[in-house]
Amino acid sequence: MVSCVVLRFAVMFLTTNICRYRSQVIVTTKYGDILGQTQHYTSFSNTPFKSVHRFLGVPFASPPTGGRRFRRPFPPSAWKPKILNATRYGKLCLQPRDEDNEMLMKKFLPHFTVNDYSEDCLILNIFTPKIRTKITSESEQSLPVMVNIHGGGYEVGTSLFALGDMLALRGVVVVSIQYRLNTFGFATTGDSVALGNNGMLDQVQALRWVKENIVNFGGNSSHVTIFGESAGGASVCLHMLSPMSRGLFHQAVAMSGVDLSHFAFEPSVEKVVQLTRTVAKRVGCPTDDSSTMMDCMRKVNSSSIPVDGIDSWRPVADGNFLPASPSELRMRDDFLKVPFLSGFTKNEGAPFVSYQPVTNQLQFREAINQTFETITNYQSGIPGTESVQTLILDATAFQYTPRPITSKPSIWRQKIFDIVTDFVFAAPTHKVLLSQTKFAPSFLYVFEHTSKLFNTK
């Protein structure tokens, strides 16, 4: 998957000696001056720039704590006349702990502990090869901007892993953002008390910050590309559907996830409302009245609020960020018509398939049903009534059965990989591209390169 490639590259990048030394640099923003560091590179001869200015952990919103918990984000308070020290990464948003992820986090935060998770996590990182030093027109001086939205199923993730140096050296201003996750980002009461989608509104606020301030970092606020992977790719597409994101970006790249992916959106608002009530009960809050429930949940210690429930918290149609479901908005051609690139990797479905030896058609049908249960939230595995489930299973098994029939487990297993890749990534990506390409240049990619990092021979 794309995320695995990115993470392995991050480790390689951090452990190679390609930089000579660091110096400090100060940039002015609407909210005050920011102190960053300049990384000078010596090993690259084919890039137009030889240094990158890094500004890390910059707040783009006020802390979403206390009375602002479960509410839309607010702009940050000015720190003038103080200078903001932006030479270290900020806190990570609260999320389920993962040992593998935390090992990688320590590459960026050597002394990483559980205290580096925080509710106050709405920060962004900027990597730029050029800062504004004199008064000229933005078009004469500025560089294109790319804003990264991390993945993680809306449940986990961090901007830490989006290293911007390599793109910046090639003449791009890179911004990586964080947003509230799981319960904190997507809890909703289904009414005006808590509309939900606050994680998506965090992303909107980050894009507004970029539009207001990126010129002083050498960026062109009229040439912004948003890009992301998995839930980040789905988020990119949801911004293309949202009226709140209009004018904040001009191109889009969605990797391994689009708005029509099954994990991108929750069609049942009531399901997320019930999740919210379940969390409220677990922390001892009443659930009979929305206002009373949310007031109680805003007073609970953040560490007591459950953040589990993988593959459960998702954006909903709230009439605010999303006026309707993605499928309905696509049918109405109600989306931003901008240049768009989207795709996925070869065998992207493989990580979602558990090992089960298949040697015949009967076992293949059973494996298909179990696989659907893994990759969706349908308890029955395949959605629909019993007769519909049978039809779907029959059609899927017929389409993907290898011919000639074989008893080799590896061939059957590859077919299961193909089913998951097509269902989760390929089919929804193709459908979104069909709607986009009617109005703007749109492109599909399939990533098949195998890095030498993965060569185990």
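Above this note sits the structure.
Model, not experiment: these values are computed from the prediction.

In this structure, what is going on with the nonpolar core? I would like to understand it.
The nonpolar side chains of a soluble globular protein tend to be buried, and buried together. Among the nonpolar cores identified, the biggest contains 125 residues, and Ile34, Phe55, Ile126, Val147, Val175 and Trp209 are the most heavily contacted of them. Residues contacting valine 175, with those up to four places away along its chain left out, are Leu124, Asn125, Ile126, Val145, Met146, Val147, Asn148, Val210 and Ile214.

Sorry, what's going on with the packing of aromatic side chains here?
Each aromatic ring pair is summarised here by two numbers: the centre-to-centre distance and the angle between the ring planes. The tally for this structure, following the rule as stated, stands at 13 aromatic pairs. Ring geometry for phenylalanine 108 against phenylalanine 161: centres 5.8 Å apart, planes inclined by 50°, an arrangement best described as tilted. With phenylalanine 108 in helix α2 (residues 99-108) and phenylalanine 161 in the loop between β8 (143-149) and α4 (165-169), this residue pair connects regions lying 53 residues apart in the sequence. By relative accessible area, phenylalanine 161 is classed as buried at 12%. A cation over an aromatic ring shows up here: lysine 337 above the ring of phenylalanine 439, its NZ or CZ 4.9 Å from the ring centre.

What am I meant to see in the side chain of threonine 87 here?
In this fold, threonine 87 is placed in the loop between β4 (83-85) and β5 (92-93). Within the local environment of threonine 87, its side chain forms a polar contact with the side chain of asparagine 85, the two groups lying 2.6 Å apart. Residues in contact with threonine 87, not counting those within four places in the same chain, are Leu35, Gly36, Gln37 and Leu56.

Would you mind showing me how to read the pattern of salt bridges here?
Oppositely charged side chains are able to pair whenever their charged atoms sit close together. Taken as a whole, this structure holds 15 salt bridges when the rule is applied. Through salt bridges with shared partners, a single ionic network connects Arg246, Glu328, Arg332 and Asp334.

In this structure, what is going on with the pairing of β8? I would like to understand it.
Here is the key point about a regular strand: its side chains alternate between the two faces of the sheet. The buried fraction of β8 amounts to 6 of the 7 residues, a majority that puts the element mostly inside the structure. As paired strands, β8 and strand β10 (residues 219-229) are joined by 6 bridges and run parallel to one another. Residue pairing for β10: isoleucine 149 is matched across the bridge by glycine 228. Bridge count for β8 against strand β9 (residues 173-177) is 5 bridges, and the pairing is parallel. Residue pairing in the sheet places asparagine 148 in a bridge with serine 176 of β9.

I keep staring at helix α6 (residues 198-213) and nothing clicks. Help me out?
Side chains that are three or four residues apart share a direction in an α-helix, a result of its 3.6 residues per turn. Relative to the 22 Å expected for 16 residues at 1.5 Å per residue, α6 spans 22 Å between its end C-alpha atoms, a close match to the ideal helical length. By the criterion of burial, α6 is predominantly enclosed, with 13 of the 16 residues buried.

About the thresholds
Residues numbered from 1 in each chain as written. Predicted model: local features only at pLDDT ≥ 70, side-chain atom pairs only at ≥ 80, totals over all residues. Heavy atoms only, no water. Core = buried A, V, L, I, M, F, W, Y, C linked by side-chain atoms within 4.5 Å. Buried < 20%, exposed > 50% of the residue type's maximum accessible area, 1.4 Å probe, protein only. Contact = heavy atoms within 4.5 Å. Phe/Tyr/Trp six-rings, centres within 6.5 Å; stacked < 30°, edge-to-face > 60°. Helix = DSSP H or I, 4+ residues; strand = E, 2+ residues; numbered from the N terminus. Lys NZ or Arg CZ within 6 Å of the ring centre and 35° of its normal. Polar contact = N/O pair within 3.5 Å; in protein donor to acceptor, adjacent residues only side chain to side chain. Salt bridge = Lys/Arg side-chain N within 4 Å of Asp/Glu carboxyl O. Pairing = 2+ DSSP bridges. Expected span 1.5 Å × (residues − 1).

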